[in-house]
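Below are the chains, spelled out letter by letter.
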Amino acid sequence: AVAVTQQGKASAQSARDHVADDVAADIVRVVSSDAALEERSPSGETTATHPVGPGDIAVLVRKHTQATLVHDALRRVGVPAVINGAGSVLASDGAKAWQDLLQALERPTSGPRAHAAALTPFLGWTAQRVAEADDETWESVHRRLHGWARVMRTRGVASLLEVITTSERLTERVLERADGERRMTDLRHVGQLLHRAAVDERLGTTALAGWLRARIRAAVEEGGDEERTRRLESDADAVQVLTIHRSKGLEFPIVYCPFLWDTIWRDDKVADPVVFHDDEGVRKVDVSLEGSAYAAHAARAVTEEDGEELRLAYVALTRARHQAVIWWAGTRDTRTSPLSRLAFAREEDGAVRPRSDVPSDEEAAERFRRLGKAAAGCIAVERCDPGPLTQWQRPAPPD
């Protein structure tokens, strides 16, 4: 069930978790059903049909944290899914594992650093094993770290990764996990970035550890260039989870848009430089942080951001060739979300107000039903209820 705030609205994070589970449940229902897609010739004749599979589905999200939420929900029900370029690899668990390893190689005799390195995928220990290991076992770990530090000094990061991969059965061990492909892809990707940085900038172990710490700190702010964007972990038949920005110009047979009801949070109490366009359409930045002109510019920036959110919602809803599935949730902050504004704050002339009231669940359902009647046979309205999540059983391939 979704948690409710004191004001009687759905808790935003609870609603996000609930919706992510419902996305997973619905995708399991669709790929387990008899639903089929028609393949047509340019003249419109049906040439073949094939059952709907994970590869026919895309889930479009606004933020990288939402992509991770959906990806994890799909993994729990056994549906293969790949995050298509959402987030920097330096904000991943793989980068943190490399950070722990580099710090241990910097001081191979340090007990706490050896403990942290043991818990990374490179050694793959459980917390219980770390707690129960005797002095002799730790001595062997320290010897290994000394050896790896020597490989790192003399032959570089790429050789270090190959030595660990071979001696510690890294690939075999990581791929035993449900999310093993994702983890292995991230570990190799970060390893390549580290190797290039070490060669280009002539960095030793200590300097490289500092380089990685700084990059991780910057990546947590959800930015990063294309080189550090997370790579696809597999080309297998899998659900694509990607940001709306990245979906521009693409089409997918079935599209899920789970979070158009969610809003980008703004901290109104903190003054920041604002970017806006003046009356002539020139892009400007106001860094004054105070005064009536700054307030007017900040208001204009918010209006422009709200307009961009509506345009992104339009992009998301028009990526589907056959079916789009969207969710709405009655949280406090949904008033400024694109879906709430389109559904509940739209005037007769088509103008969309900056914010809507938050209707009750019954009022919202009735509004969506009226929209459904206006597009006879094209829109179905259902209450979100994932129920107990069931595992997807991939059908056996033909002989």
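Described below are features of the structure shown in this document. The structure displayed is predicted, hence computed values, not measured ones.

Criteria and cut-off values
Residues numbered from 1 in each chain as written. Predicted model: local features only at pLDDT ≥ 70, side-chain atom pairs only at ≥ 80, totals over all residues. Heavy atoms only, no water. Helix = DSSP H or I, 4+ residues; strand = E, 2+ residues; numbered from the N terminus. Buried < 20%, exposed > 50% of the residue type's maximum accessible area, 1.4 Å probe, protein only. Contact = heavy atoms within 4.5 Å. Areas by Shrake-Rupley, 256 points an atom, 1.4 Å probe, with all protein chains shown as cover. Lys, Arg positive; Asp, Glu negative; His and termini not counted. Charge placed at Lys NZ, Arg CZ, Asp CG, Glu CD. Pairing = 2+ DSSP bridges. Phe/Tyr/Trp six-rings, centres within 6.5 Å; stacked < 30°, edge-to-face > 60°. Core = buried A, V, L, I, M, F, W, Y, C linked by side-chain atoms within 4.5 Å.

1. Side note on the overall build of the protein
Line of reasoning, step 1. Counting its secondary structure elements, the protein contains 14 helices and 9 strands.
Line of reasoning, step 2. Viewed in the frame of its principal axes, the protein has a C-alpha envelope of about 75 × 70 × 50 Å.
Line of reasoning, step 3. Taken across its 399 residues, the protein has 43% of its residues classed as buried.
Line of reasoning, step 4. Considering only contacts in the protein between residues 6 or more positions apart, those separated by 24 or more positions represent 66%.
Line of reasoning, step 5. As presented, the protein carries roughly 22100 Å² of accessible surface, and 49% of it is formed by carbon and sulfur atoms.
Line of reasoning, step 6. Here the protein holds 53 positive side-chain charges and 62 negative ones, and the gap between their average locations is 4 Å.

2. What about the pairing of strand E1 (residues 36-40)?
Line of reasoning, step 1. Of the strand pairs in this sheet, E1 and strand E2 (residues 46-51) are connected by 5 bridges, and their pairing is antiparallel. Note on E2: the bridge partner recorded for Arg40 is Thr46.
Line of reasoning, step 2. Hairpin connection between E1 and E2: a loop of 5 residues separates the two successive antiparallel strands, and Gly44 in this loop has a positive phi of roughly 100°.

3. Description of the environment of Gly330
Line of reasoning, step 1. By secondary structure assignment, the location of Gly330 is in the loop between strand E9 (320-326) and helix H13 (338-344).
Line of reasoning, step 2. What makes Gly330 buried here is its relative accessible area of 14%.
Line of reasoning, step 3. Setting aside residues up to four positions removed in sequence, Gly330 forms contacts with Lys9, Ala10 and Val358.

4. Quick notes on the packing of aromatic side chains
Line of reasoning, step 1. With the rule as written, the count across this model stands at 7 aromatic pairs.
Line of reasoning, step 2. Among the aromatic side chains, those forming a connected cluster through ring pairs are Trp328, Phe344 and Phe368.

5. Some thoughts on the nonpolar core
Line of reasoning, step 1. Ile27, Val59, Leu74, Val239 and Tyr256 are the most contacted members of the largest nonpolar core, which totals 50 residues.
Line of reasoning, step 2. Residues contacting Val59, with those up to four places away along its chain left out, are Val23, Ile27, Val70, Val239, Gln240, Val241, Leu242, Tyr256 and Pro258.
Line of reasoning, step 3. Core analysis: the second largest hydrophobic core is formed by 42 residues, Ala97, Leu123, Ala149 and Leu160 among them.

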